[in-house]
Structure formats: structure tokens, C-alpha cells
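Geometric and topological summary
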Amino acid sequence: MTQQLDQRAFDIYEVDVDIQGILSNEPVRRDVAVGRDTPVPREGGVYAWWFDELPGEVEASGCIQRDGLTLLYVGISPKAPPKTGTLVSSQTLRSRITTHYAGNAEGSTLRLSLGCLLATTLGFELRRFGSGTRMHFGEGERELSRWMHDHARVSWIADDTPWELESRLFGKLVLPLNISGNANCRFAARMSEIRRDARTRARALPVLANPGVGGRYP
């Protein structure tokens, strides 16, 4: 893939070499990221999600673009260590990216946002399952994984303190699918509202038995 970034990305390059790294690393497809020979490392770091089709009503004005892909979301693994001094999570880039690509909306904020945006188009809705405390898209998780297989790519950069890099990214990039800590993006409030409305509807509906399928695809 030819690495062709828009002018906004080049401007950011001049400011932060770490941001340059996360933007310039080539995004990979789902089958590569979660395949047997995955190049995703078992290390901490920052990952970036790129899309060749915008999900639902998402507003992507000002987002970084490259090679027909638009950057909509970044995440980190592990999270910042608690101030109480407890140990940092053992999650890695590999485990977290696998959860986003093959888990469900209960364990993935990215899947929750994408599913809420695509629910009408893909024909599913957020529901409560099992004991009633868990919310995801049930058998629709497979359809969401199919959509992500077709349209979502992920890149990453290893980093020992990814929460520090994530904070800088929020200050310089437009990331409409991020909510927490993302006051820089005007769509973040709308995304929060969409998710809140979906949860409210789910709580008003009966609890379903967990289908146990997750986001496996194919």
C-alpha cells in the first residue's frame, strides 16, 4: 500500500514523532490482525482504527485520511495504572485488538459505537443478555464482525506508557468514535448520546438468553 497521508497529517508530523509513528504505520485487515501469524505484538501500545466506509451518521470532517481510509478511533492497551498503586493490566495490543475484532460490544467500546451507528443498516439492536447486566448485539455481533472485516483496518505502535501518547493524540487529532477524554471532537457528544439512547432502549426490553456466538467471523 502506498503511504499517502493528507496535508494535516504532514503538519502533525512536524510536531510529534510518536504521532508520526502511529499515523505512518500501515493498517492491516482483520484476517491479518487476528490470524495465526498475526504481526500484532504482545506488548503495550496505541492502536488506530481506519475505515474505508464511514459508519452511519458519523461526522468525519477534519479526520486524517490515507489511501482511501479515514482515521476514526484510537485506543490503548493497557490502560493507565490506577493511582492507588495497583498493578497495570496485563492486556496487550494483541489481546485488545482481538477483542475489538472478534469480541462483543460488552467488552469493546469500539464495537459498541460501531454497532449503535450501524444497527439499522445491519439489522440488529443492543439488548441485555444473561443476568441482564451485559449488553451487546447478540447474534448481530457476527454481522458487525463481517462489516469490520470488510471496512475496518488497524495500525499500532508499541509504547511503554501508551496513556501519555493517547492524551497527545486527543489534543491533535479529530477522532469521532472516541468519547472519554475527547473534548477536541464535536461529534463525541453526539456519539455519547447515540450510545446512551441505545442503552435506554435495551433496558426497556426483556432480557435474552446469551447466544454465545460473540464476534466470530466467518
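Residues numbered from 1 in each chain as written. Predicted model: local features only at pLDDT ≥ 70, side-chain atom pairs only at ≥ 80, totals over all residues. Heavy atoms only, no water.

1. Structural notes on the packing of helix α5 (residues 109-122) against helix α6 (residues 140-151)
Their axes nearest at 10 Å, the elements α5 and α6 cross at an angle of 100°. The angle between α5 and α6 falls in the class roughly perpendicular. Contact residues: α5 offers Leu 110, Arg 111, Leu 114, Gly 115, Leu 118 and Leu 122, while α6 offers Glu 141, Glu 143, Leu 144, Ser 145, Arg 146, Trp 147 and Met 148. Residues belonging to the contact of α5 with α6 are distributed by class as follows: 7 nonpolar, 2 polar and 4 charged. (Axes fitted to C-alpha atoms, helices over the stretch in contact; angles between N-to-C directions. Helix = DSSP H or I, 4+ residues; strand = E, 2+ residues; numbered from the N terminus. Parallel < 35°, antiparallel > 145°, perpendicular 65-115°, else oblique. Contact = heavy atoms within 4.5 Å. Nonpolar A, V, L, I, M, F, W, Y, C, P; charged D, E, K, R; others polar.)

2. Things to note about the packing of aromatic side chains
Summed over the entire model, instances satisfying the criterion amount to 3 aromatic pairs. Considering the side-chain rings of Phe 124 and Phe 137, the 5.0 Å spacing of their centres and the 45° angle between planes classify their relative orientation as tilted. Residue Phe 124 is located in the loop between α5 and β4 (127-129), and its partner Phe 137 is located in the loop between β5 (134-136) and α6; the two are separated by 13 residues in the primary sequence. There is no split in this pair, since Phe 124 and Phe 137 are both buried. In this arrangement the basic side chain of Arg 66 is found over the ring face of Trp 50, its NZ or CZ atom lying 5.6 Å from the centre. (Phe/Tyr/Trp six-rings, centres within 6.5 Å; stacked < 30°, edge-to-face > 60°. Buried < 20%, exposed > 50% of the residue type's maximum accessible area, 1.4 Å probe, protein only. Lys NZ or Arg CZ within 6 Å of the ring centre and 35° of its normal.)

3. Some points on the pattern of salt bridges
Under the defined criterion, the tally for this structure stands at 8 salt bridges. Between Glu 57 and Arg 190 there is a salt bridge, with its nearest N and O atoms 2.8 Å apart. Residue Glu 57 is found in the loop between β1 (45-51) and β2 (65-66), and its partner Arg 190 is found in helix α8 (residues 187-203); the two are separated by 133 residues along the sequence. Classification of Arg 190 by relative accessible area gives partly exposed; the value is 30%. Glu 125 serves as the salt-bridge partner of Arg 127, at 3.6 Å between the closest nitrogen and oxygen. Through salt bridges with shared partners, a single ionic network connects Glu 57, Arg 190 and Glu 193. (Salt bridge = Lys/Arg side-chain N within 4 Å of Asp/Glu carboxyl O.)

4. What to know about helix α4 (residues 93-102)
Turning to α4, its buried residues are Leu 93, Arg 96, Ile 97, His 100 and Tyr 101. In an axial view of α4, the angular spread of the buried residues amounts to 130°, which keeps them on one side of the axis. (Arc of directions from axis to C-beta.)

5. Remarks on the sheet that holds strand β3 (residues 69-77)
Judged by pairing direction, the sheet is antiparallel, and its 4 strands sit side by side in the order β2-β3-β1-β6 without closing on themselves. Every other strand in the sheet has two partners, leaving β2 and β6 (152-158) as the edge strands with one partner each. When β1 meets β3, the two strands line up antiparallel, connected through 7 bridges. Residue pairing in the sheet places Trp 49 in a bridge with Tyr 73 of β3. α6 rests against β1 and β6 of the sheet, and its axis sits at about 75° to β6. (Pairing = 2+ DSSP bridges.)

6. Here we look at the layout of surface pockets
To locate leftover empty space, one rolls a probe as large as a water molecule over the atoms. Its volume calculated, the largest pocket comes out at about 500 Å³. If you trace the largest pocket, you find 20 residues lining it, with Tyr 73, Lys 79, Arg 96, Thr 109 and Glu 166 closest to the centre. Listing elements by their share of the lining of the largest pocket, those giving two or more residues are β3, α4 and α7 (162-172). In this structure, the second largest pocket spans a volume of roughly 190 Å³. As for the second largest pocket, its lining consists of 14 residues, of which Cys 116, Ala 119, Thr 120, Ala 198 and Arg 201 are closest to the centre. Among the elements that line the lining of the second largest pocket, the one with the most residues is α8, at 5 residues. Of the residues in the lining of the second largest pocket, the class split is 10 nonpolar, 1 polar and 3 charged. (1 Å grid on protein atoms, 1.4 Å probe; cavity = no way out; pocket = protein on both sides within 12 Å on 5 of 7 lines; lining within 4 Å. Points joined across faces, edges and corners; volume = space filled by probe spheres on them.)

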